[in-house]
Amino acid sequence: MNDKPLGTRLHYCPQCAAKLHIEVPAGDHNLRYVCHACDMVLYENPKLVVGCVAEYEGRILLCKRAIEPRLGYWTVPAGFMELGETIAQGAARETLEEACATVTLGTLLAVVDVPEAGQVHVFFRGTVDDGKYGAGDESLESALYLPEEIPWDDIAFRSGQIALRAFLDQKQAGTEQVHTEIALHNRRD
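Residues numbered from 1 in each chain as written. Predicted model: local features only at pLDDT ≥ 70, side-chain atom pairs only at ≥ 80, totals over all residues. Heavy atoms only, no water.

**Student:** What exactly am I supposed to notice about the overall build of the chain here?
**Tutor:** From N to C terminus, the chain includes two helices and eleven strands. Listing each helix as α and each strand as β along the chain from the N terminus yields β-β-β-β-β-β-β-α-β-β-β-α-β. Over its C-alpha atoms, taken along the principal directions, the chain stretches across nearly 60 × 35 × 30 Å. Out of the 189 residues belonging to the chain, those deemed buried represent 43%. (Helix = DSSP H or I, 4+ residues; strand = E, 2+ residues; numbered from the N terminus. Buried < 20%, exposed > 50% of the residue type's maximum accessible area, 1.4 Å probe, protein only.)

**Student:** In this structure, what is going on with the sheet that holds strand S3 (residues 41–42)? I would like to understand it.
**Tutor:** Pairing between sheet strands relies on hydrogen bonds along the backbone, with the strands arranged either parallel or antiparallel. Ordered by their spatial adjacency, three strands build an open sheet running S1-S2-S3, and the pairing between neighbours is antiparallel. If you trace the sheet from one side to the other, it starts and ends with strand S1 (20–23) and S3, each paired once. Pairing of S1 with strand S2 (residues 32–35) involves four bridges; the strand directions are antiparallel. By the bridge assignment, Leu20 is partnered in S2 with Cys35. (Pairing = 2+ DSSP bridges.)

**Student:** Help me out: how do you make sense of the environment of Val114 in this one?
**Tutor:** Mapping Val114 onto the fold places it in strand S8 (residues 103–114). A C-alpha to C-alpha distance of 21 Å links Val114 and Cys63, two positions 51 residues apart in sequence. Excluding residues that lie within four positions of it along the chain, Val114 makes contacts with Gln119, His121, Ala183 and Asn186. (Contact = heavy atoms within 4.5 Å.)

**Student:** Looking at this structure, how should I read the pairing of S8?
**Tutor:** The side chains of a regular strand alternate, residue by residue, between the two faces of the sheet. Bridge count for S8 against strand S9 (residues 119–128) is nine bridges, and the pairing is antiparallel. Bridging from a neighbouring strand, Ala110 pairs with Phe123 of S9. In sequence, S8 turns back onto S9 through a hairpin of four residues, with Gly118 there showing a positive phi of about 65°. Pairing of S8 with strand S11 (residues 179–182) involves four bridges; the strand directions are parallel. Paired with Val111 across the strands is Thr180, a residue of S11.

**Student:** What am I meant to see in the nonpolar core here?
**Tutor:** Nonpolar side chains tend toward joint burial in soluble globular proteins. Ranked by internal contacts, the top residues of the largest apolar core, which has 24 residues, are Val53, Leu62, Leu109, Phe123, Ile150 and Leu164. Counting only elements with at least two residues in this core, the list comes to strand S4 (47–56), strand S5 (59–65), S8, strand S10 (139–145) and helix H2 (158–173). Of all hydrophobic cores here, the second largest spans 14 residues; its members include Leu61, Ala101, Val122 and Val128. (Core = buried A, V, L, I, M, F, W, Y, C linked by side-chain atoms within 4.5 Å.)

**Student:** Help me understand helix H1 (residues 87–99), please; the structure alone is not making it clear to me.
**Tutor:** Every α-helix carries 3.6 residues per turn, so stepping three or four residues along brings you back to the same face. For H1, spanning 13 residues, the distance from its first C-alpha to its last is 18 Å, which sits close to the expected 18 Å at 1.5 Å a residue. Within H1 the residues assigned to the buried category are Gly90, Ala91, Arg93, Glu94, Thr95, Glu98 and Ala99. The elements touched by buried residues of H1 are S4, S5, strand S7 (78–80), S8, S9 and S10. Downstream of H1 by one or two residues, Cys100 has phi in the positive range, about 55°. (Expected span 1.5 Å × (residues − 1).)

**Student:** Looking at this model, I keep getting lost on the environment of Gln15. Mind explaining?
**Tutor:** As for its placement among the helices and strands, Gln15 is situated in the segment before S1. When its relative accessible area of 57% is taken as the criterion, Gln15 is described as exposed. A C-alpha to C-alpha distance of 48 Å links Gln15 and Leu144, two positions 129 residues apart in sequence. If we skip the residues at most four places from it in the chain, Gln15 touches Cys38 and Met40.

The values are spatial; any link to function lies outside them.
So this is what it looks like as structure tokens:
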């Protein structure tokens, strides 16, 4: 059971503006925000982060973050999924936004639970279509790295490390499967 609701601290009901209470509703087992005025229960669910490990001629595309958290650290292109898009569309969009690269997505690579952030990170395999890339608004720079050149100590998030290692391990083994793992202390502080 959660000892507190995750996500943004809420004070007022979005439906009627009455004060919210934190309690376990009847028939539930988790703490939720509950409005006593209109009986609305606010259910918080994990947010999806989508991205891809994109490759071009044996090199992996990484972006150096221009925003917090983890400003100045490297990451695979990834970000929050938007309403109205599929996970694949979101992964391709994030790669275009962060690395100015158009990718052809392959199979699903990894699903990483990040419970302390209330997130699930979903990564695809991808290929940079034409080898062109750059730095989007949320990136200081982007670069293609040979596997042995990847700056492992400067990778922003454990989930990104997990996806990169799964990609490289499976490529070396000649297999493709969905890797699942839990990333505790995801920010690597």
